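Below, each chain spelled out in residue letters.
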Amino acid sequence: MERRLSGLAASTGLAFGPAVTFRALGEMRRAKGTVAGEKQALADAVLASLEAVTALAGSLEGEAADIVGFQAALLEDDALTDGAYTAIEGGAAADIAWRQAMAEEIAGYEASEDAYFRARAVDLTDIRDRVLRQLFDLPEPTTVPPGAVILALDLPPSAFLGIDWSRGGGIVLGAGSPTSHVAMLARGRSVPMVVGIGSEWEAISGTVVVDGVAGLVLTGPSHESIERARRRAGELGRLHEQAELRKSQPASTGDGTRIAVMVNVASLADVAGLGPETCDGIGLTRTEFLVELALRDEATQFEAYAGLLRWAAGRPVTIRTLDAGGDKPIAGYTLAGETNPFLGLRGIRLSLRHPDVFRVQLRALARAAAIGPLKVMLPMVTTAQELEQARVLLDAVLTELAAEGLPHAKPAIGIMVEVPAAAMAVASFDAAFFSIGSNDLTQYATAAARDGPGVAAYADVLHPGVLAMISHVARHGAAIGREVSLCGDAGGDPRAIPALLRAGIRTVSVSPGLLAVAKEAIRNVDLSLPDEGA
Ligand code: PEP
Ligand code: MG
């Protein structure tokens with residue numbers, strides 16, 4: 001019988017296909033067999049994982065192949081499995097024994113002095129989960145049939161990346177949030193996604209329709225419902241194609257107001273295949289991933305920043321200094337054990353506490369500024385003093401570089417506006433530009449964690465309180481003639497774009513996958529007409 005379940009739209013579009021369930025590994029326990037049986041089960045699971053990883057390594061190139069090769073080497077290493085076999089002999093079930101052995105190994109990597117080894121801890125977590133999936137007979141992301149609808153309580157980004165989305169498919173989550181990282185990935189790849197449908201996700205099987213426009217899920221759909229979904233998917237696909245065709249044209253609203261549309265990146269890989277002429281530059285570079293691997297490595301950072309400037313070919317490139325903390329911890333750098341990391345030491349607060357690390361990034365940025373129009377953006381700024389302290393450090397770095405005779409230039413220095421107190425007191429910041437981080441601004445203003453299950457409906461950028469702050473910042477920028485952009489997810493969300501433009505935003509920065517859709521949504525707004533939604 002057909003049933004409708006409502007949740008929150010996290011990635012637009014329509015999908016229908018067979019349900020494939022992903023259970024949270026952390027909650028699963030194996031029924032224990034004999035010692036010999038448990039040992040055999042673990043040996044089989046490790047072997048099957050090794051075969052899967054080896055096959056995957058063969059199909060990849062470059063850094064991705066290296067990572068998977070490293071995982072294969074670990075699975076072949078007896079030292080990793082010996083501890084687990086000993087625990088089985090001591091009476092543990094294979095899953096518990098494997099978890100314990102891996103927990104020790106992962107903790108060892110996480111505590112390493114060397115940033116490279118610390119970063120490898122995620123690869124170990126990945127291996128742990130691969131073997132556990134074998135032990136529980138759960139699907140591997142790589143074996144999900146094309147076009148399937150994934151059902152899970154929540155989905156880690158690594159599982160999303162392992163699935164082949166090239167032939168469609170969708171996602172339905174019992175928990176989750178539209179601002180989570182996996183939702184960002186889904187939007188970037190145009191995978192329809194509905195989150196927060198509650199505990200019912202576990203009982204769903206058979207064909208499922210995912211309506212990522214309305215935030216609805218249909219289970220046991222009738223023949224007519226499937227036909228309707230097919231038709232609407234076709235219509236949406238055509239609209240998408242039309243948007244793609246006009247992607248390289250600049251975006252203006254129906255009344256002719258030009259809106260600059262920039263892209264958000266983490267590295268050059270995010271703009272692979274995209275011509276710089278399709279956008280108005282880079283509005284946000286999240287340097288967390290790069291800097292985590294190259295915390296004190298100026299040359300690597302410089303090359304990465306220089307690569308972005310060369311790609312942009314004269315267009316502005318905004319690079320954000322390290323925004324670690326909150327949902328982006330870096331072992332050995334961020335503070336462990338904070339009760340609420342989102343309200344703790346993160347972003348510029350941490351950079352100012354670690355001048356040794358910050359200095360390296362500022363040097364690499366000042367050197368890259370000699371290549372093109374670089375803008376440096378500070379995250380999580382709360383007080384005017386933070387901006388001034390960063391400026392003093394940048395000036396010191398410029399003096400150093402001049403003394404060393406290295407090519408460099410002084411980049412414009414701006415701030416992210418994502419702390420409500422900073423938004424309301426925006427006039428107290430002498431920043432060259434302002435960029436509204438609507439993801440964090442919304443979570444702080446609505447007191448609803450951006451990754452919090454159950455509170456996603458509160459974390460709405462269209463809340464009048466959030467829009468009032470955005471409009472306050474936009475008006476200030478217009479009054480003093482300094483750019484105000486918006487680089488949170490809302491900038492690429494067709495549902496939010498009309499309200500943002502009406503609040504005075506004239507520059508947005510969006511995930512490259514949403515460039516076409518965002519431009520099309522801008523073209524559909526007419527600022528000379530009264531706001532129908534008001
Ligand atoms: C934001 O907070 O809106 C933002 C763009 O930064 P991040 O999502 O990286 O916190
Ligand atoms: Mg932020």
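The shown structure was predicted, so the numbers you read here are calculated from the model rather than taken from an experiment.

Visitor: Account for the overall build of the chain, with residues named and values stated.
Guide: When you go through the chain residue by residue, the secondary structure sums to 19 helices and 17 strands. The globule rule puts the C-alpha radius of gyration for 534 residues at 24 Å, and the 24 Å found for the chain is close to it. By principal-axis analysis of the C-alpha atoms, the chain measures approximately 75 × 65 × 40 Å. Here the chain, with 534 residues, has 51% of them falling under the buried criterion. In the chain, the share of contacts with a sequence separation of at least 24, taken over all contacts with a separation of at least 6, comes to 67%. In the form shown here, the chain has an accessible surface area of approximately 22700 Å², with 55% of it arising from carbon and sulfur atoms. Here the chain contributes 47 positive and 64 negative side-chain charges, whose respective centroids are spaced 6 Å apart.

Visitor: Talk me through the site of ligand 1; I want residue IDs and the actual numbers.
Guide: Within the structure, ligand 1 sits among 15 residues, and R286, R320, K328, N439 and R450 are positioned closest to it. Between N439 and ligand 1, the recorded distance is 2.7 Å, taken from a backbone N or O atom to an oxygen atom. Separating an oxygen atom of ligand 1 from a side-chain N or O atom of D440 is a distance of 3.0 Å. Isolated, ligand 1 exposes 290 Å² of accessible area, and the fraction of that covered by the protein chains is 99%. In this structure, ligand 1 is accommodated by the largest cavity. Residue contributions to the shell around ligand 1 peak at three residues, all from helix α16 (residues 438-446).

Visitor: Talk me through the nonpolar core; I want residue IDs and the actual numbers.
Guide: With 85 residues, the main nonpolar core has V263, L374, F434, I436, I470 and I505 as its most contacted residues. Leave out the neighbours within four places in its chain, and I505 touches I259, I436, I470, A474, V484, L486 and L500. Formed by 32 residues, the second largest nonpolar core is a distinct cluster that contains M28, L42, A45 and F136.

Visitor: Give me the coordination of the magnesium ion (ligand 2): which residues, what numbers.
Guide: Protein coordination at the magnesium ion (ligand 2): the donors are E418 (OE) and D440 (OD), at 2.0 to 2.2 Å from the metal. Residue E418 is located in the loop between β14 (412-417) and α15 (420-424), and its partner D440 is located in helix α16; the two are separated by 22 residues in the primary sequence. Each member of the pair, E418 as well as D440, is classed as buried.

Visitor: An account of the side chain of D323 is requested, with residue identities and associated values reported.
Guide: Within the secondary structure layout, D323 lies in the loop between β12 (317-320) and α12 (348-353). At 3.2 Å, the side chain of D323 forms a polar contact with the side chain of R346.

Visitor: Go over the sheet that holds strand β4 (residues 149-152), please, and point to the residues and values.
Guide: Strand order across the open sheet formed by eight strands is β1-β8-β7-β3-β4-β5-β6-β2, with mixed pairing between neighbours. This sheet does not close on itself; its edge strands, each paired only once, are β1 (3-6) and β2 (8-11). Looking at each pair of strands side by side, their axes are set apart by 30 degrees on average, direction ignored. Note that strand β7 (residues 207-211) and strand β8 (residues 216-219) share four bridges and pair antiparallel. Bridging across to β8, V208 finds its partner in T219. Against the sheet, helix α8 (residues 181-188) makes contact with β2 and β6 (193-195), and its axis sits at roughly 60 degrees relative to β2, the strand it touches most.

Visitor: I'd like a rundown of the packing of aromatic side chains, residues and numbers included.
Guide: Counted by the stated rule, this structure contains one aromatic pair. Look at F160 and W165: their rings are 5.1 Å apart centre to centre, the planes differ by 25 degrees, and that puts the pair in the stacked class. Classification of F160 as buried rests on a relative accessible area of 0%. Geometry around F302 places R367 over its ring, the cationic atom sitting 4.3 Å from the centre. The ring of F433 has K375 sitting right over it, with the charged end atom 4.7 Å from the ring centre.

Visitor: Describe the pairing of β7, with residues and values.
Guide: The buried count for β7 comes to four of five residues, which makes it a mostly enclosed element. Bridging between strand β3 (residues 14-22) and β7 involves five bridges; their strand directions are antiparallel. Within the sheet, the bridge partner assigned to G17 lies in β7 and is V208. In this antiparallel pair of consecutive strands, β7 and β8, the connection spans four residues, and G215 shows a positive phi of 75 degrees.

Visitor: Talk me through the domain arrangement of the chain; I want residue IDs and the actual numbers.
Guide: Taken as a whole, the chain is organised into domain 1 (3-15 + 146-242), domain 2 (35-135) and domain 3 (248-523). Across the boundary between the two partners, domain 1 contributes 12 residues, which contact 14 residues of domain 3. Ranking the residues of domain 1 by area buried against domain 3 places T179, M184 and R187 at the top, with a combined share of 39%. Inspection of the region where domain 1 meets domain 3 yields one salt bridge. We note a salt bridge from R187 to D489, for which the minimum N-O separation is 2.5 Å. Counting across the interface, domain 1 meets domain 3 through two residue pairs in polar contact (both at pLDDT 80 or more). It is α8 that contributes the most residues to the side of domain 1 that touches domain 3, four residues altogether. A class-by-class count of the residues in the side of domain 1 that touches domain 3 yields four nonpolar, seven polar and one charged.

Cut-off values and rules
Residues numbered from 1 in each chain as written. Chains lettered and ligands numbered in written order. Predicted model: local features only at pLDDT ≥ 70, side-chain atom pairs only at ≥ 80, totals over all residues. Heavy atoms only, no water. Helix = DSSP H or I, 4+ residues; strand = E, 2+ residues; numbered from the N terminus. Rg over C-alpha atoms; globule rule 2.2 N^0.38 Å. Buried < 20%, exposed > 50% of the residue type's maximum accessible area, 1.4 Å probe, protein only. Contact = heavy atoms within 4.5 Å. Areas by Shrake-Rupley, 256 points an atom, 1.4 Å probe, with all protein chains shown as cover. Lys, Arg positive; Asp, Glu negative; His and termini not counted. Charge placed at Lys NZ, Arg CZ, Asp CG, Glu CD. Near = heavy atom within 4 Å. Polar contact = N/O pair within 3.5 Å; in protein donor to acceptor, adjacent residues only side chain to side chain. 1 Å grid on protein atoms, 1.4 Å probe; cavity = no way out; pocket = protein on both sides within 12 Å on 5 of 7 lines; lining within 4 Å. Sits in = over half its atoms within 2 Å of the grid points. Core = buried A, V, L, I, M, F, W, Y, C linked by side-chain atoms within 4.5 Å. Donors = N, O, S within 2.8 Å, 3.2 Å for Na, K, Ca; no water. Pairing = 2+ DSSP bridges. Axes fitted to C-alpha atoms, helices over the stretch in contact; angles between N-to-C directions. Phe/Tyr/Trp six-rings, centres within 6.5 Å; stacked < 30°, edge-to-face > 60°. Lys NZ or Arg CZ within 6 Å of the ring centre and 35° of its normal. Domains from an automatic or database assignment. Buried area = accessible area lost by both parts, 1.4 Å probe. Salt bridge = Lys/Arg side-chain N within 4 Å of Asp/Glu carboxyl O. Nonpolar A, V, L, I, M, F, W, Y, C, P; charged D, E, K, R; others polar.

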